[in-house]
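For reference, the chains in residue letters:
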Amino acid sequence: MSQEAEGCFVTCTTRLEWLNNEGCIKRKVDYKTATTRLIRNNIREMLIEVRSEKTNTTIKLILRGISVFNRFMSEGKASIKFQEEKCTLYLSNAPVAQLVNFLKTLFVKMTGQTEKATKISAKEKMLSNVMGSVTDISPSTVSELNKAKEKAGTISRATLTTPSPKSVLKRKSISENALKIPKAKKLNLASSNIEMTEEQKNVLDAILAGRNVFFTGSAGTGKSYLLKKIINALPPNVTMPTASTGVAACHIGGITLHQFCGIGIGTASIENCCKIASKSTASSLWRKTKHLIIDEISMIDADYFEKIEAVARYIRRNEKPFGGIQIILCGDFFQLPPVSKRDDKAKFCFQSKKWSECVQANFELKIVHRQKDSTFVNILNSIRIGRVTEEITTKLKSTTTQKIESNGILATRLCTHINEANELNNSQLEKLSGEQKVFIAEDSDNMMTKTLDQQLPVPSKLILKVGAQVMLLKNINVSGGLVNGARGVVIKFLDDYPVIQFRSGGLYHAKMETWGIKTASGGSVQRKQIPCKLAWAFSIHKSQGLTLDCVEMSLTRVFDAGQAYVALSRAQSLETLRVLNFDPKQVWANPIVLEFYKNFRRRVHDMQIIRLGRKANSVC
């Protein structure tokens, strides 16, 4: 197990400040990059060591009487206050996953200390200073984790919030070895039920090694999950998560690629695009970005890809691909293609000569997580490449008559066009009798309402009645089946908020939830709304990324390669799917994409990197 996985260290921007008795700074040390480690000396005292390789300096602080402030750890920031030393350690621009694991290990180890370990004689301390040997903290054991969970459960609510200066003065003194961790429960001491697969770890390892990566995979192979892991493993201040669509950008907590680039939809020439971007606010983003993530790359055309690559080199004054920025590309070219401009058929970005210059390593995720039925997975894999056998046709046609409704929940109809879905939802709502309730979203910036409508799954205006078919748009209770994409029906209103019965059998008394998107300037905009949307119908385009547990579709109006595959792959299983009027002619794959993947897999096979003691990676 690596040190990072053990949570023993974090590498980031670091500052240390020492105060005098009057509370003024008497000494300050700043490191642009330093590694903060948890260590023990030879008498088992726990210390924090801050080491800067650039300046070849090391600072050690004994972990005693500390306060940890982790309110902004999701932004890569935290601080540790050493009471006796009158010193505060500030951590910023830290990879979020690394920082959370570090704070978790710190909490576990500190709460697991025995009294004997904290009572060190003067003689032992003197010998320790003479000998000076230190070792890394060992990984947290199950016993230590259990003790830490008990400790976190008994901490009063008062100690789980960051105290104000006045309340600190009023509070009685605590024992010198007490550990105060604000919002300690946010550290989520429970082990995650979802572990990364070996193929996902291979992608992450290549990215952490600094390589430009493209990774792909069929629907449900965990691409979005892996992207979030990648984002959390990189320094947030210099990492820019983007996506070709607003919905995809929202899923990964980023912004659209068009917002980031500063060239609009890119209709100008390359030369003019460079000038436009250099004069916009996007120029500062281009200069500070070290890691550029682009999700749903299949919807970016070759022309736009070449223009943003040229813009990166121009603004950064660096002739390396993308101006030296590490690029991380994710998507499935068998799914939705780039939007064509009028009569010109858009080219896929892999058709650009810049693609091979920019991408250094290719990976394909093959393990499907969304569907558990191997028969259905095999059907989807065949449809993905445009192959429909008689057996597949028979299987899909047999779903036409199956009853998938339960608990009053009707099947969601997937439509090829957004307008068709909206009309069906509105007409079905009109048919319901009873009083309607209108829920208006609370936006933190009313000037951004239109942008929020485009990028968030939740609407600015939601009209509900008893009997309305709805879809949950946020994970509320994963173990209880209240997950993003779950289907339900409004059974009543209580305190003016809807009570929803879900297909899984669960009940949910809805309340306002919060969504947020980042802006190109680095800020954020929030929306509060009921986490639901009318679900008699949904467009195929808007369903990307969702797992639907009760879905029906007619594919007679599909108009592009991959549409049928995207629609079918939203279903959780064959038992929760109904396909109407299926015809094999509704399924086809783009021959250019088929050729790309044929060559892609050949390169992966021919150029496998075999690491000592590990299985071969799917990488080229």
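Above: the structure in question.
Residues numbered from 1 in each chain as written. Predicted model: local features only at pLDDT ≥ 70, side-chain atom pairs only at ≥ 80, totals over all residues. Heavy atoms only, no water.

A separate point is the overall build of the chain. When you go through the chain residue by residue, the secondary structure sums to 20 helices and 28 strands. When burial is assessed residue by residue, the chain has 49% of its 620 residues classed as buried. For the chain, long-range pairs separated by at least 24 residues make up 70% of all intrachain contacts whose partners lie at least 6 apart in sequence. When the accessible area of the chain is evaluated, it comes to approximately 30,300 Å², of which 51% is carbon and sulfur surface. (Helix = DSSP H or I, 4+ residues; strand = E, 2+ residues; numbered from the N terminus. Buried < 20%, exposed > 50% of the residue type's maximum accessible area, 1.4 Å probe, protein only. Contact = heavy atoms within 4.5 Å. Areas by Shrake-Rupley, 256 points an atom, 1.4 Å probe, with all protein chains shown as cover.)

Right, let's talk about empty space enclosed by the protein for a bit. Scanning all chains against the criterion turns up six cavities of 30 Å³ or more. Quantified by volume, the largest cavity comes out at close to 110 Å³. Lining the largest cavity, in full, are Val-247, His-251, Leu-456, Pro-457, Leu-473, Asn-484, Lys-533, Phe-538, Lys-542, Gln-544 and Leu-546. A per-class count over the lining of the largest cavity returns six nonpolar, three polar and two charged. (1 Å grid on protein atoms, 1.4 Å probe; cavity = no way out; pocket = protein on both sides within 12 Å on 5 of 7 lines; lining within 4 Å. Points joined across faces, edges and corners; volume = space filled by probe spheres on them. Nonpolar A, V, L, I, M, F, W, Y, C, P; charged D, E, K, R; others polar.)

This next bit is on unusual backbone geometry. One non-glycine residue, Glu-296, lies in positive phi territory at about 50°. As for its placement among the helices and strands, Glu-296 is situated in the loop between strand E12 (291–295) and helix H13 (302–316). In this model, Asp-496 sits at a positive phi of 70°, which is unusual for a non-glycine residue. With respect to the element layout, Asp-496 can be found in the loop between strand E20 (487–494) and strand E21 (497–502).

Residues spaced three or four apart along an α-helix face the same direction, because each turn holds 3.6 residues. Taking 1.5 Å per residue, 15 residues should reach 21 Å; H13 reaches 21 Å between its end C-alpha atoms and fits that length. The element H13 is extensively covered by neighbouring structure, given that eleven of its 15 residues are classed as buried. For H13, every residue scored as buried is listed here: Ala-302, Tyr-304, Phe-305, Lys-307, Ile-308, Glu-309, Ala-310, Val-311, Ala-312, Arg-313 and Ile-315. Against helix H10 (257–261), helix H11 (270–278), helix H12 (282–288), E12, strand E13 (326–330) and helix H14 (353–358) lie the buried residues of H13. (Expected span 1.5 Å × (residues − 1).)

This part is about the sheet that holds strand E9 (residues 213–217). Taking strand neighbours across the sheet as the criterion, the six strands line up as E11-E10-E12-E13-E9-E14 in an open arrangement whose pairing is parallel. The open sheet has two edge strands with one neighbour each: strand E11 (255–256) and strand E14 (361–365). Pairing between E9 and E14: five bridges, direction parallel. Paired with Phe-214 across the strands is Asn-362, a residue of E14. (Pairing = 2+ DSSP bridges.)

Turning to the pairing of strand E27 (residues 551–554), a few remarks are in order. Burial along E27 is two-sided: the face carrying Val-551 and Met-553 and the face carrying Glu-552 and Ser-554 are both buried. The sheet contact formed by strand E15 (residues 412–415) and E27 spans three bridges and is parallel. Counted as the bridge partner of Arg-413 is Glu-552 from E27. Note that E27 and strand E28 (residues 577–580) share four bridges and pair parallel. Considered in E28, the bridge of Met-553 is made with Val-579. As for the winding sense of the linkage, the β-α-β connection from E27 through helix H19 (residues 563–568) to E28 is right-handed. (Right-handed = clockwise from strand over helix to strand, strands pointing away.)

In this section: the packing of aromatic side chains. Overall, the coordinates contain 19 aromatic pairs when judged by the stated rule. A centroid spacing of 6.2 Å and a plane angle of 20° characterise the contact between Phe-439 and Tyr-497, whose relative ring orientation is stacked. With a gap of 58 residues between them, Phe-439 in strand E16 (residues 437–440) and Tyr-497 in strand E21 connect regions that are remote in the sequence. Judged by its relative accessible area of 7%, Phe-439 is buried. A connected cluster of aromatic rings, assembled from ring pairs, spans Phe-214, Phe-305, Phe-322, Phe-333, Phe-334, Phe-348, Phe-350, Trp-355, Phe-596, Tyr-597 and Phe-600. Cation over ring: Arg-27 sits above Trp-18, and NZ or CZ is 4.2 Å from the ring centre. The residue whose ring lies beneath Lys-533 is Phe-538, and the NZ or CZ to ring-centre distance is 5.3 Å. (Phe/Tyr/Trp six-rings, centres within 6.5 Å; stacked < 30°, edge-to-face > 60°. Lys NZ or Arg CZ within 6 Å of the ring centre and 35° of its normal.)

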